[in-house]
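Reading the structure
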Amino acid sequence: MSFASRYRGSELTIMVKLISIFGVVEACQMHELFSHLGDKQYSKIMSRLHQEGMLYTLPDAEHLASNRLSVNKVNWDDSVASFWALISIKDSIQDFCAGEMPAILTVSTGEFDCDIIPVNDKALALINDTCFELPSNVRRLLVVRSFDAAAGIERRFRNDFVIVVGKDGVTGSYEL
């Protein structure tokens, strides 16, 4: 079942949940995730979110945030890159929730669970420390800006995937 058919009619709720988990995303990403909505319907939902104070558009008009405070607390690059990873698996999503550090999001696909984990210098030690605490059937989707950033990641025997993200989305995915 596709993302569109699974969440049709509850787009507003899903948008609020996602923006509160990620903190900051690009406006084009939200539009891409909900590409099944017509422009008029999408604009109506966005207007309602703004009116009710559940969505804040940054002055650059390219980023959306849950509120002004989250703009300063969130690592924008990690949030944006991780959201691209989410978009790349959107049709497999059955359910999702906020992840436990270092994961931003935990996604259930029915067949398996995935942790979407942004990789950066600060998080690398935590990523490596927690890698063997996860059940072996949980897939780690390790989000990087370049494949070289994956060099310091401690690898599990299976279910570790590197998702390479560029400016306009996922450019490749590889099993470690």
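Our structure is the block above this text.
Here goes a summary of the coordinates provided. All of these numbers come straight from a predicted model, not from anything done at the bench. (Residues numbered from 1 in each chain as written. Predicted model: local features only at pLDDT ≥ 70, side-chain atom pairs only at ≥ 80, totals over all residues. Heavy atoms only, no water.)

With respect to the packing of aromatic side chains
To keep things clear, this is the line we draw: Ring geometry is summarised as follows: Phe, Tyr and Trp rings, the Trp one being its six-membered ring, pair when their centres sit within 6.5 Å, and such pairs are stacked at plane angles under 30 degrees, edge-to-face over 60 and tilted between the two. Under the scheme used here, helices are H or I runs from DSSP no shorter than 4 residues and strands are E runs no shorter than 2 residues, and both carry numbers assigned from the N terminus. Only protein chains enter the accessibility calculation, which uses a 1.4 Å probe; a residue whose area is less than 20% of its type maximum is buried, one above 50% is exposed, and one in between is partly exposed. As a reminder, the over-ring test applies to NZ of lysine and CZ of arginine, requiring each to be within 6 Å of the ring centre and within 35 degrees of the ring normal.
Evaluation of the coordinates by the stated rule reveals 5 aromatic pairs. Pairing phenylalanine 3 with tyrosine 7 gives two aromatic rings, centres 5.0 Å apart and planes at 50°, and the pair type is tilted. One end of the pair is phenylalanine 3 and the other is tyrosine 7, both in helix H1 (residues 3–7) and 4 residues apart, which spans about a single turn. The same class applies to phenylalanine 3 and to tyrosine 7, which are both buried. Measuring from ring centre to ring centre gives 5.2 Å for phenylalanine 147 and tyrosine 174, while their planes differ by 75°; the resulting arrangement is edge-to-face. Of this pair, phenylalanine 147 sits in the loop between strand E7 (139–144) and strand E8 (160–166) while tyrosine 174 sits in strand E9 (residues 169–175), and the two are 27 residues apart along the sequence. An aromatic cluster of at least three residues, connected via ring pairs, comprises Phe3, Tyr7, Phe34 and Phe96. Taking NZ or CZ as reference, lysine 17 lies 4.5 Å from the ring centre of phenylalanine 96, over its face.

Some points on the nonpolar core
Heads up, the rule is: We call a set of buried Ala, Val, Leu, Ile, Met, Phe, Trp, Tyr and Cys residues a nonpolar core when their side-chain atoms join them within 4.5 Å. Note on contacts: a residue pair qualifies if any of its non-hydrogen atoms lie within 4.5 Å across the two residues.
Counting 39 residues, the largest nonpolar core has Met15, Met30, Phe34, Phe83, Leu86, Val107 and Ile116 as its most contacted members. It is helix H6 (residues 76–88) that provides the largest number of residues to this core, a total of 7 residues. Among residues more than four places away in sequence, those in contact with valine 107 are Leu86, Ile89, Ile93, Asp95, Phe96, Phe112, Asp113, Cys114 and Ile116. Grouped together as the second largest cluster of nonpolar side chains are 12 residues, Ile117, Ala123, Ile127 and Val162 included.

Regarding the environment of aspartate 60
Note that aspartate 60 resides in the loop between strand E2 (56–57) and strand E3 (63–65). For the pair formed by aspartate 60 and isoleucine 127, sequence separation is 67 residues and the distance between their alpha carbons is 32 Å.

So, the packing of helix H2 (residues 11–22) against helix H4 (residues 39–51)
Basically, it comes down to this: Fitted lines through C-alpha atoms serve as axes, helices being fitted only where they are in contact, and the angles separating the N-to-C directions of these axes extend from 0 to 180 degrees. Reported orientations rely on four angle classes, namely roughly parallel under 35 degrees, roughly antiparallel over 145, roughly perpendicular from 65 to 115, and oblique for the rest. Helix crossings get a hand from a simple test, with the near helix turned counterclockwise from the far one by less than a right angle marking a left-handed crossing and a clockwise turn marking a right-handed one.
At a closest axis distance of 10 Å, the pairing of H2 and H4 adopts a crossing angle of 55°. By the angle between their axes, H2 is oblique relative to H4. Pair H2 / H4 crosses with right-handed handedness. Contacts between H2 and H4 involve Glu11, Leu12, Met15 and Val16 on the former and, on the latter, Tyr42, Ile45, Met46, Arg48 and Leu49.

Digging into unusual backbone geometry
Backbone torsion omega between methionine 101 and proline 102 reads 10°, so that peptide bond is classified as cis. Mapped onto the elements, proline 102 comes out in the loop between strand E4 (95–98) and strand E5 (105–108). Of note, alanine 61 is a non-glycine position whose phi angle comes to about 60°, a positive value. The topology assignment puts alanine 61 in the loop between E2 and E3. A relative accessible area of 51% means that alanine 61 is categorised as exposed.

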